Amino acid sequence: MQIPLDQFEQVIDEKILQRGLTYFKKGHVQELEEISPNTYEAIVEGTEDYTVRLTVENNVVTDYSCDCPYDLGPVCKHVAAVIFSLQEEDLGLTKKTANSKKSTGSGTKKSKSVATQIDELMDKASVDELKELIRTEAKKNALFRNHVLSHLEHYNENISKDLYQKQLKAMIRSATDRYGFIDWNKARALGRAVYELLDSAKKQIDHGSFEKAAMVCFAVMEEMLEAFNGADDSNGDIGGCIDEATNLLDEMAARCESKTVRKQIFDFCADEFEKGRFAGWDWHEGLLSSAANLAETDADFDRVLALAEKKQQSDWANERIQMIKYGLLVKKKGQDIADKFLEQNMDNSRFREMAIERALEQKNYAKAVKLAQDGVKTDMKDKPGLAKEWYDWLLKIAQEQNDTPRIIEYARYLLIDNFRNEQDYFQVLKEHVKPEEWEAFVDGIVSEIKAKRRWYDTGLVGTIYIREEKWDKLWEMVKENPTLSTIEQYESYLSKHYAGEMVDLYASLILDYLERNMGRDHYQTACRYIRRMIKLGGKAKANNLIAQLRTLYAKRPALMQELDRV
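Anyway, here's the lowdown on the structure attached to this text.

Rules behind the numbers
- Residues numbered from 1 in each chain as written.
- Predicted model: local features only at pLDDT ≥ 70, side-chain atom pairs only at ≥ 80, totals over all residues.
- Heavy atoms only, no water.
- Helix = DSSP H or I, 4+ residues; strand = E, 2+ residues; numbered from the N terminus.
- Rg over C-alpha atoms; globule rule 2.2 N^0.38 Å.
- Buried < 20%, exposed > 50% of the residue type's maximum accessible area, 1.4 Å probe, protein only.
- Contact = heavy atoms within 4.5 Å.
- Areas by Shrake-Rupley, 256 points an atom, 1.4 Å probe, with all protein chains shown as cover.
- Lys, Arg positive; Asp, Glu negative; His and termini not counted.
- Charge placed at Lys NZ, Arg CZ, Asp CG, Glu CD.
- Expected span 1.5 Å × (residues − 1).
- Arc of directions from axis to C-beta.
- Pairing = 2+ DSSP bridges.
- Phe/Tyr/Trp six-rings, centres within 6.5 Å; stacked < 30°, edge-to-face > 60°.
- Lys NZ or Arg CZ within 6 Å of the ring centre and 35° of its normal.
- Salt bridge = Lys/Arg side-chain N within 4 Å of Asp/Glu carboxyl O.
- Core = buried A, V, L, I, M, F, W, Y, C linked by side-chain atoms within 4.5 Å.
- Polar contact = N/O pair within 3.5 Å; in protein donor to acceptor, adjacent residues only side chain to side chain.

**Topic: the overall build of the protein chain**
- When helices and strands are tallied, the protein chain shows 28 helices and 5 strands.
- Computed over the C-alpha atoms, the radius of gyration of the protein chain is 32 Å, more than 25% above the 24 Å expected from 2.2 N^0.38 for a compact globule of 566 residues.
- Along the three orthogonal principal directions, the C-alpha set of the protein chain runs to about 95 × 80 × 40 Å.
- Expressed as a percentage of its 566 residues, the buried residues of the protein chain come to 44%.
- Of the contacts made within the protein chain by residues no fewer than 6 positions apart, 58% connect residues no fewer than 24 positions apart.
- Here the protein chain displays about 30800 Å² of accessible surface, and carbon together with sulfur accounts for 48% of that area.
- Side chains of the protein chain give 82 positive and 97 negative charges; the mean places of these two sets differ by 3 Å.

Structural data, given as structure tokens:
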């Protein structure tokens, strides 16, 4: 979540804001410093001390983290407290000068950033002093040690997946609580640390050290899967590391010419697919796809083909595997064998679509129609959305043949069923129905839509009335089932002809709304619609409504405050 500094009070939860403000006013924000351009860090004191880091670009907090255990929302009170500290002057806030157990940093743009201070000191320090400092800190701090190893990994001559796995296990242990779980904040920190290791793999690829890079990716995929299964990865940091590792493997497959390394990657992908540890995730089918792309020998091809025969957990996964097998058959056995496999597996929707496309290219309309009709029969019961895709293909075939009756039949069906595709079915119908028959045709469509009584029918009928500029019918439709949001939805179309009537309807619905709802959010909603009444020219009626509400709900101070703002 991005947080504009000039609007953060509207973005962050009110309770968290209040707690953050209390922490700020009590002087709990300590050592606020700009550690690098646009990046701030502070210690927030409480029962325990927590480190908060913010990145601010163009007056917007673009990234933030806190090492507290709070996981009930995106922003904790410690982050809110630091934001108040950053905005202290703009908001005219004052804080208590606390007798902190830490020295208080000025923490603003007036002082040198930490990065500048470090640069100045490093220029003065000797190489031996810096080496000793790194050795000492690496022994004490596992996270720092892993950062050093990641950044300097390309100098390491020892190639071993075990080495990287040990490094990753240490990172994961430091992020795991005593119950074996990695919370949201720790998952973010872990993801950042592992991305540094993957950055080292990118450098190794650029230096031509493909084997080292491959070992990093193997270790990341294996270890981070375990972490992923025991973490709150709602932000995608851990899964993103696995994605990046698989992307790097694909990049190496495209760039690396070493048969040894290509074989290592092939064996890893094939072995992991066979073990099924990634089953249920896209990574699983991706492993087989990578293995297929790397297959070079007859034994490699045979192994991938054998793996592709394994039944997967879902129809979607099975379809992806069949696509991989099809591509492999084209590459190894030729197009005829691959096409035979395709024809035998028409329950795969992508295969059916490919077959229809090929039949159309060959102008074999009879075959294309049969394939689409068979798809409708196969999928209508269990996959009605997919069945409509086949109806859309029938429409495309009819359009290629200039078959007007069929075009009207299929476009009418798809419009009434509100199927959303790239074609504008209403316009297709308008172009093919005779002008003298059009009005009656549209009335028939609307009647059929209304008869189905589906939740989305009002919007579909409203769209038809708008396109046909039938404002009287649109207004009748709104009055049949009036809601505040429905009036607002069609206000711009109806205001020219029905402004007065809309003002009256707004007033009636606002009264009903406030009879059923309480709370400031609801009061703000009601007042927003009162403003819409005024914009429609109903200022006098809006004032009468406000007076009525003041009498009815005089004991609702929050409502009175919101009415004052109208």
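Back to the text.
**Some points on helix 27 (residues 539-552)**
- Over its 14 residues, helix 27 runs 20 Å from end to end, which matches the ideal 20 Å to within 8%, given 1.5 Å per residue.
- For helix 27, every residue scored as buried is listed here: Ala542, Leu545, Ile546 and Leu549. Looking straight down helix 27, one finds its buried side chains confined to an arc of 100°; they lie on one side. The exposed residues of helix 27 that point more than 90 degrees off its buried face are Ala540, Asn544 and Thr551.
- Looking at the packing, one finds that the buried side of helix 27 touches helix 25 (484-516), helix 26 (520-535) and helix 28 (557-565).

**Notes on the pairing of strand 3 (residues 39-44)**
- Most of strand 3 sits inside the fold, with 5 of its 6 residues counted as buried.
- Taken together, the 5 bridges between strand 2 (residues 29-36) and strand 3 define a ladder with antiparallel strand orientation. For Glu34, the partnering residue across the bridge sits in strand 3 and is Tyr40.
- The turn linking strand 2 back onto strand 3 is made up of 2 residues, and Asn38 within it adopts a positive phi angle of 75°.
- Across 6 bridges, strand 3 lies against strand 4 (residues 50-57) in antiparallel orientation. By the bridge assignment, Thr39 is partnered in strand 4 with Thr55.
- What sits between the antiparallel neighbours strand 3 and strand 4 is a turn of 5 residues.

**Description of the packing of aromatic side chains**
- What the rule picks out here adds up to 15 aromatic pairs.
- Consider the rings of Phe8 and Phe84, whose centres lie 5.0 Å apart with planes at 80°: the pair is edge-to-face. Of the two residues, Phe8 is situated in helix 1 (residues 8-11) and Phe84 in helix 3 (residues 77-86); the sequence distance between them amounts to 76 residues.
- Centroid distance Phe278 to Trp283: 6.3 Å. Interplanar angle 85°. Geometry classified as edge-to-face. Note on accessibility: Phe278 and Trp283 belong to one class, buried.
- Connected via pairs of aromatic rings, a cluster forms that spans Phe228, Phe278, Trp281 and Trp283.
- One cation-aromatic arrangement involves Arg352 over Trp390; the distance from NZ or CZ to the ring centre is 5.8 Å.

**As for the pattern of salt bridges**
- Under the definition given, this model contains 43 salt bridges.
- Of the charged contacts, one joins Glu244 and Lys202 as a salt bridge, the two residues approaching to 3.2 Å between their closest N and O atoms. One end of the pair, Glu244, is in helix 11 (residues 237-255); the other, Lys202, is in helix 9 (residues 184-206), with 42 residues separating them in the sequence.
- Of the residues examined, Lys202 reaches a relative accessible area of 34% and is grouped as partly exposed.

**Details of the nonpolar core**
- Leu190 and Val220 are the most contacted members of the largest nonpolar core, which has 143 residues in total.
- Listed in part, the 31 residues of the second largest apolar core include Ile12, Val56, Val75 and Ala81.

**Here we look at the environment of Asp63**
- Following the sequence through the fold, Asp63 ends up in strand 5 (residues 60-66).
- Taking the C-alpha atoms as reference points, Asp63 and Arg453, 390 residues apart in sequence, are found 47 Å from one another.
- At a separation of 2.4 Å, a polar atom in the side chain of Asp63 contacts the side chain of Arg188.
- Looking at Asp63, its side chain comes within polar contact range of the side chain of Arg192, at 3.3 Å.

**Here's the deal with the sheet that holds strand 5**
- On the basis of which strands lie adjacent, the open sheet formed by 5 strands has the order 1-5-4-3-2 and antiparallel pairing. The two strands at the open ends of the sheet, each matched to only one other strand, are strand 1 (3-4) and strand 2.
- By the bridge criterion, 6 bridges tie strand 4 to strand 5 in an arrangement that is antiparallel. Paired with Thr55 across the strands is Asp63, a residue of strand 5.

**As for the environment of Leu329**
- Assignment of secondary structure puts Leu329 in helix 15 (residues 315-332).
- Judged by its relative accessible area of 8%, Leu329 falls in the buried class.
- For Leu329 and Ala253, which are 76 residues apart along the polypeptide, the C-alpha to C-alpha distance reads 20 Å.
- Ignoring sequence-local partners within four residues, the contact set of Leu329 consists of Leu305, Gly334, Ile337, Ala338 and Phe341.

**Describing helix 23 (residues 457-468)**
- Over its 12 residues, helix 23 runs 17 Å from end to end, which matches the ideal 16 Å to within 8%, given 1.5 Å per residue.
- Within helix 23, burial applies to Asp457, Leu460, Val461, Gly462, Ile464, Tyr465, Ile466 and Glu468.
- On its buried face, helix 23 is in contact with helix 20 (404-416), helix 21 (425-432), helix 22 (435-452), helix 24 (471-480) and helix 25.
- Just downstream of helix 23 lies Glu469, where phi reads positive at about 55°.

**Digging into the side chain of Arg556**
- Relative to the assigned elements, Arg556 resides in the loop between helix 27 and helix 28.
- Despite its burial, Arg556 pairs with no opposite charge; the closest candidate is Glu515, at 8.9 Å N-O.
- At a separation of 3.3 Å, a polar atom in the side chain of Arg556 contacts the main-chain carbonyl oxygen of Leu514.
- Contacts of Arg556, omitting those with residues within four sequence positions, involve Leu514, Asn517, Met518 and Tyr523.

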